[in-house]
Amino acid sequence: MNAPEKAIMNEWINVGAVEDIPRLGARVVQSAHGDIAVFRNADDEVFALLDKCPHKGGPLSQGIVFGRHVACPLHNWNIGLDDGKAVAPDEGCAHRFAVKVVDQQVFLNI
Amino acid sequence: MKKMKLVMVGNGMAGVRTLEEILKIAPDLYDITVFGAEPHANYNRILLSPVLAGEMTLKEIMLNDVDWYEKNGITLHLNKTITQIDRISRKVIAADGFEESYDRLLLATGSNPFVLPIPGKDLPGVITYRDIKDTNAMIEAASHYKNAVVIGGGLLGLEAANGLKLRGMDVTVVHLADWLMERQLDKTAADMLKKSLENKGLKFLLKKQTTAILGNGEGRVARVSFSDGEEIPADLVVMAVGIKPNDDLAKSAGIHCTRGIVVSDTMQTYDPRIYAVGECASHRGIAYGLVAPLFEMAKVCANHLAHLGIGRYEGSVTSTKLKVTGVDLFSAGNFQGAADTEEILLHDAVGGVYKKIVLKDDRIVGSVMVGDTGDGAWYFQMLREKKNVAEIRDHLMFGQSNLGNTGHQGQSNAAQMADTMEVCGCNGVCKGVIVKTIKEKGLFTLDDVRKHTKASSSCGSCTGLVEQILASTVGGAYAPQANKLKPMCGCTDHTHEEARQVIREQHLLTIPSVMRFMEWRTPNGCASCRPAINYYLLSTWPHEALDDPQSRFINERAHANIQKDGTYSVVPRMYGGVTNSAELRRIADVVDKYNIPTVKVTGGQRIDLLGVKKADLPKVWADLAMPSGHAYAKALRTVKTCVGSEWCRFGVQDSTQMGIDLERAFAKMYAPHKVKFAVSGCPRNCAESGIKDVGVIGVDSGWEIYVAGNGGIKTEVAQFLCKVKTAEEVLEYSGAFLQVYREEARYLDRTVHWVARVGLDYVKQRVLEDAEGRKALFGRLLYALQGEKDPWQERAQGVAKHEYQTLATVAVV
Ligand SMILES: Cc1cc2nc3c(=O)[nH]c(=O)nc-3n(C[C@H](O)[C@H](O)[C@H](O)COP(=O)(O)OP(=O)(O)OC[C@H]3O[C@@H](n4cnc5c(N)ncnc54)[C@H](O)[C@@H]3O)c2cc1C
Ligand code: HEM
Ligand code: SF4
Ligand code: SF4
Ligand code: FES
């Protein structure tokens with residue numbers, strides 16, 4: 001199973017259309033790394049973070065999205081969508097994944 | 001575009017706080033240059049006293065070190081005193097000739113200690129108490145000399161005297177007035193203070209006027225002499241007889257000053273390019289000598305410098321707390337009283353407790369306390385808010401009873417708690433950690449403490465304790481937030497009430513339109529304002545405003561409660577707690593089919609299925625074929641009932657049927673927070689109606705209605721609203737009550753908080769006295785609920801499918 005592995009590792013994977021994600025919301029993509037939260041903000045920018053809050057692992061995909069941030073549903077840490085970093089004074093970082101949008105389709109590089 | 005140049009003169013607490021505020025809201029607007037006469041970066045001046053007393057080190061009191069300036073791109077000139085402002089070519093000139101030009105100038109030069117104009121005032125060994133240099137001089141003197149004389153028995157003088165005593169000196173405090181701290185204390189309080197300081201070994205000379213300071217042969221201070229001819233030995237003299245605003249620089253540049261640099265409500269001086277904040281400023285005739293007002297000034301000034309120009313500074317009410325370990329003292333407002341005021345007094349001379357509250361027209365106008373100051377912050381808050389205390393007058397003296405508060409070992413007095421005791425039971429934060437964080441990070445506000453320690457950031461029941469800890473750690477620097485003026489969140493300066501009013505008056509129907517109309521600072525709000533506005537829109541314009549699921553917390557968006565492992569719980573509605581075999585059988589089947597790990601009977605007389613996977617939710621709901629119990633929502637939860645007259649031998653009313661009727665009528669009702677009902681069939685009250693938002697109790701001749709009870713963190717007994725005869729009336733009266741709450745309370749207010757704010761009399765007036773109004777309210781509630789669909793059955797049929805399905809599954813790597 002070596003060949004397909006490599007192919008996937010360096011390739012962009014289409015996970016759906018921008019429209020499939022609610023504006024100011026998120027959807028979950030299941031992967032071998034665990035769940036990935038794919039966010040869409042008011043300006044239709046798309047971001048992808050590991051769906052695990054750096055605090056106690058809360059599912060970030062279930063939080064409220066505003067500007068370029070999401071508020072974790074468990075204890076309200078604010079996490080930057082573009083850098084995965086918790087807003088000070090909280091400290092921590094959610095793993096980021098590369099995303100691109102081509103013709104309204106969302107691609108992840110995992 | 002080239003950045004504008006902002007120059008700040010005076011590198012102290014007020015100025016740097018203003019810079020911090022500017023960096024927060026307009027980080028890229030200015031090139032900032034700072035001049036400070038002292039050789040240190042910004043430190044917490046008020047903590048010089050603990051440093052002198054040997055309780056803290058200089059390192060611990062730094063607020064912003066040199067790195068902070070560098071990190072924020074601020075040019076810092078330490079050890080540079082500005083001596084001239086050239087307003088025509090807009091530049092400042094330092095004593096050494098260095099020049100810097102400005103577009104905007106911020107003066108934050110603080111104040112200077114007042115020096116008595118007496119012979120000998122310039123002798124070596126005579127110092128004032130203002131900065132690190134003075135503090136070091138005192139510490140140094142204490143290790144070589146024996147006799148210290150402190151002139152001035154005010155806050156500063158006493159803190160200096162205490163510190164010197166702790167460092168081993170023999171200290172005498174000389175004071176001109178009849179008693180100590182006469183501007184903050186009455187005679188009784190001052191006498192008690194004097195006694196407790198005497199017990200610590202301090203000596204006092206009251207009603208003494210110093211006439212000269214005399215030197216020894218080597219030119220160092222040796223004695224102090226008084227107008228009555230007496231002389232006492234002195235190797236160190238500390239003058240702490242008051243401060244005067246440092247407005248020399250401004251005055252020399254021709255800027256209008258009258259005991260301070262005169263500023264407007266936007267903190268601008270008479271030269272609108274030049275601002276002034278802190279102790280050097282004179283606002284509406286007052287130059288403050290405490291830290292608390294500086295924060296508000298800094299906010300307003302920064303706001304204006306950032307071209308937002310919304311805020312206005314309207315003055316501050318200040319309070320005083322002495323930072324001498326072991327002596328508890330608090331003073332605020334008009335503590336002396338006058339002909340038209342009343343006093344409540346408690347004086348236990350032996351126990352060392354003295355409390356005085358001064359009232360005028362049922363409002364607190366002043367207070368002074370010695371010995372037990374635990375409720376100082378509470379009184380001060382009511383004073384600032386001008387709260388009417390008529391109803392609680394009887395209990396006022398005994399403090400903000402935290403009886404019934406759970407989660408912090410029943411403690412209500414922070415001073416008596418050991419460092420290891422837990423203050424915040426939700427987040428597991430103990431007292432020592434809070435004190436340490438306040439000191440290390442230089443925190444001054446409750447919000448800051450919440451952010452850094454998480455204490456009181458969850459359920460909030462320990463807020464009072466945290467405020468006390470804050471107040472006793474930073475002394476008078478702590479300014480409790482006045483609730484009235486509190487903006488909704490960091491995205492706006494508007495209050496909840498203002499948002500509701502605009503939504504109503506402008507007939508706004510969407511969140512973006514509200515934010516645009518009210519000039520929100522952020523593009524789409526945050527997780528605290530969006531849900532609030534969404535609720536205000538829905539409750540003001542039912543059937544017109546559209547619900548925005550993205551502005552709801554996950555529980556309300558998913559219609560189930562998220563659990564700590566990311567699974568959900570499902571609680572179907574059982575009207576009045578009554579179920580039957582068919583429902584129970586379906587529940588049992590669902591549990592088996594979806595492998596639901598836990599089935600629990602809730603405290604609200606229904607069944608909770610815990611650990612359901614999100615993707616299964618719509619299927620679970622379809623199979624259950626029961627309505628949503630809204631256990632996840634700010635909405636009507638349960639109506640708890642007892643069996644009542646149908647079975648119970650004591651019952652006088654059919655409480656079960658009444659409960660079913662109420663629950664059927666009000667299910668699906670969204671509200672500012674969750675709403676719980678209970679109905680009991682007789683005064684034995686088995687359904688615990690006394691601790692519910694609406695509690696109904698059957699009596700022989702009808703029903704009693706109680707409102708605004710709460711069984712949660714802080715148990716509150718519901719208050720009697722009225723007695724009615726029929727079941728229809730129960731529906732109408734309780735419905736009208738809920739509708740006022742829905743229309744007027746702030747989002748996240750429980751009924752108890754809202755009623756505490758508006759008063760039960762107001763509720764009675766709307767619901768009891770105004771019959772027309774009551775019917776109209778009830779009508780509006782029924783209209784709002786009309787046609788409201790059951791969210792579970794909708795979703796079982798495919799609504800909002802995306803919420804429950806993953807977007808994609810990526811092949812295994
Ligand atoms: C020992 C002590 C204890 C205190 N305890 C309390 C307390 O418990 N509670 C409380 O609320 N308040 C307390 N205060 C008062 C509090 O410290 C002041 O209200 C506060 O520091 C004022 O801040 P500011 O920025 O206006 O002035 P400062 O902090 O004094 O800052 C002014 C700075 O400007 C510099 N400066 C002045 N002129 C020039 C110039 N021409 N060029 C360059 N730099 C210049 C000064 O050197 C100084 O560093 C205490 C004060 C002292 C001294
Ligand atoms: C004066 C005190 C009380 C008396 C005389 C009393 C009496 C009763 C009686 C007779 C019943 C049985 C009804 C039946 O036959 O099924 C009952 C049920 C109940 N009681 Fe009490 N009770 C009292 C106080 C309380 C208190 C303080 C609580 C709760 C804190 C309570 C909670 C309950 C509950 C939950 C039920 C079950 C009701 C139901 O089946 O719906 N009771 N009580
Ligand atoms: S409240 Fe009265 S009617 Fe209801 S169960 Fe208790 S004793 Fe019976
Ligand atoms: S159910 Fe309530 S009381 Fe129990 S752990 Fe959760 S929040 Fe605390
Ligand atoms: S798990 Fe995200 S804030 Fe606690």
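Analysis parameters
- Residues numbered from 1 in each chain as written.
- Chains lettered and ligands numbered in written order.
- Predicted model: local features only at pLDDT ≥ 70, side-chain atom pairs only at ≥ 80, totals over all residues.
- Heavy atoms only, no water.
- Donors = N, O, S within 2.8 Å, 3.2 Å for Na, K, Ca; no water.
- Helix = DSSP H or I, 4+ residues; strand = E, 2+ residues; numbered from the N terminus.
- Patch = residues over 30% accessible without salt bridge, like charges linked within 9 Å, V, L, I, M, F, W, Y side chains within 5 Å.
- Areas by Shrake-Rupley, 256 points an atom, 1.4 Å probe, with all protein chains shown as cover.
- Salt bridge = Lys/Arg side-chain N within 4 Å of Asp/Glu carboxyl O.
- Axes fitted to C-alpha atoms, helices over the stretch in contact; angles between N-to-C directions.
- Parallel < 35°, antiparallel > 145°, perpendicular 65-115°, else oblique.
- Contact = heavy atoms within 4.5 Å.
- Nonpolar A, V, L, I, M, F, W, Y, C, P; charged D, E, K, R; others polar.
- Phe/Tyr/Trp six-rings, centres within 6.5 Å; stacked < 30°, edge-to-face > 60°.
- Buried < 20%, exposed > 50% of the residue type's maximum accessible area, 1.4 Å probe, protein only.
- Pairing = 2+ DSSP bridges.
- pLDDT = per-residue confidence, 0-100.

Enquirer: Can you help me understand the coordination of the iron atom of ligand 2 in this one?
Expert: Any two of four tetrahedral donors ideally make an angle of 109.5 degrees at the metal, while pairs among six octahedral donors ideally make 90 or 180 degrees. There is one protein donor for the iron atom of ligand 2, namely B:Cys686 (SG), at 2.7 Å. Along the chain, B:Cys686 falls in the loop between β35 (675-680) and β36 (694-699).

Enquirer: What is the right way to look at a nonpolar patch on the surface in this model?
Expert: Side chains of B:Ile25, B:Leu308 and B:Ile310 sit close together on the surface and give an oily, nonpolar patch of about 240 Å² of accessible area. Summarising the element assignment, B:Ile25 is placed in helix α1 (residues 13-25).

Enquirer: Just to check I follow, could you spell out the packing of helix α21 (residues 727-744) of chain B against helix α24 (residues 771-785) of chain B for this structure?
Expert: Any two packed helices are characterised by the angle at which their axes cross and by the distance between the axes. All names here are of chain B. At a closest axis distance of 8 Å, the pairing of α21 and α24 adopts a crossing angle of 75°. As the angle between them shows, α21 and α24 are arranged roughly perpendicular. Residue-level contacts link Leu731, Glu732, Tyr733, Gly735, Ala736, Gln739, Val740, Arg742 and Glu743 of α21 to Arg774, Lys775, Leu777, Phe778, Arg780, Leu781 and Ala784 of α24. Of the residues that constitute the contact of α21 with α24, the class distribution is eight nonpolar, two polar and six charged.

Enquirer: I tried to follow the packing of aromatic side chains on my own but got confused; where do I start?
Expert: Given two aromatic rings, their pairing is described by the distance between the two centres and the angle made by the two planes. All names here are of chain B. The tally for this structure, following the rule as stated, stands at eleven aromatic pairs over all chains. Taken together, a centroid distance of 6.0 Å and an interplanar angle of 50° make the contact between Phe666 and Phe677 tilted. Note that Phe666 is positioned in helix α20 (residues 655-666) and Phe677 in strand β35, a separation of eleven residues in sequence. In this pair, the class of Phe666 matches that of Phe677, namely buried. When the ring of Phe737 is compared with that of Trp754, the centres are 6.0 Å apart and the planes differ by 55°; the resulting orientation is tilted. Taken together, the residues span a long stretch of sequence, with Phe737 in helix α21 and Trp754 in helix α22 (residues 751-758) at a distance of 17 residues.

Enquirer: Mind showing me how you'd approach the sheet that holds strand β17 (residues 231-233) of chain B here?
Expert: Residues and elements named next belong to chain B. Reading across the sheet, the three strands line up as β15-β16-β17 and stay open at both edges, with antiparallel pairing between neighbours. Two strands in the sheet have a free side with no partner beyond their single neighbour: β15 (210-215) and β17. Taking each pair of neighbouring strands and ignoring which way they run, the sheet shows an average axis angle of 25°. Judged from the three bridges that link them, strand β16 (residues 221-226) and β17 form a sheet pairing that is antiparallel. Of the residues in β17, the one forming a bridge with Ser225 is Glu231.

Enquirer: Any chance you could explain the confidence of the model for chain A here in plain terms?
Expert: Low pLDDT means the predicted coordinates in that region are not meant to be read closely. Per-residue pLDDT for chain A averages 88, and the proportion of residues at 70 or more is 91%. Contacts from residues 1-8 of chain A, a stretch scored under 50 in pLDDT, to residues over four places away or in other chains number four contacts.

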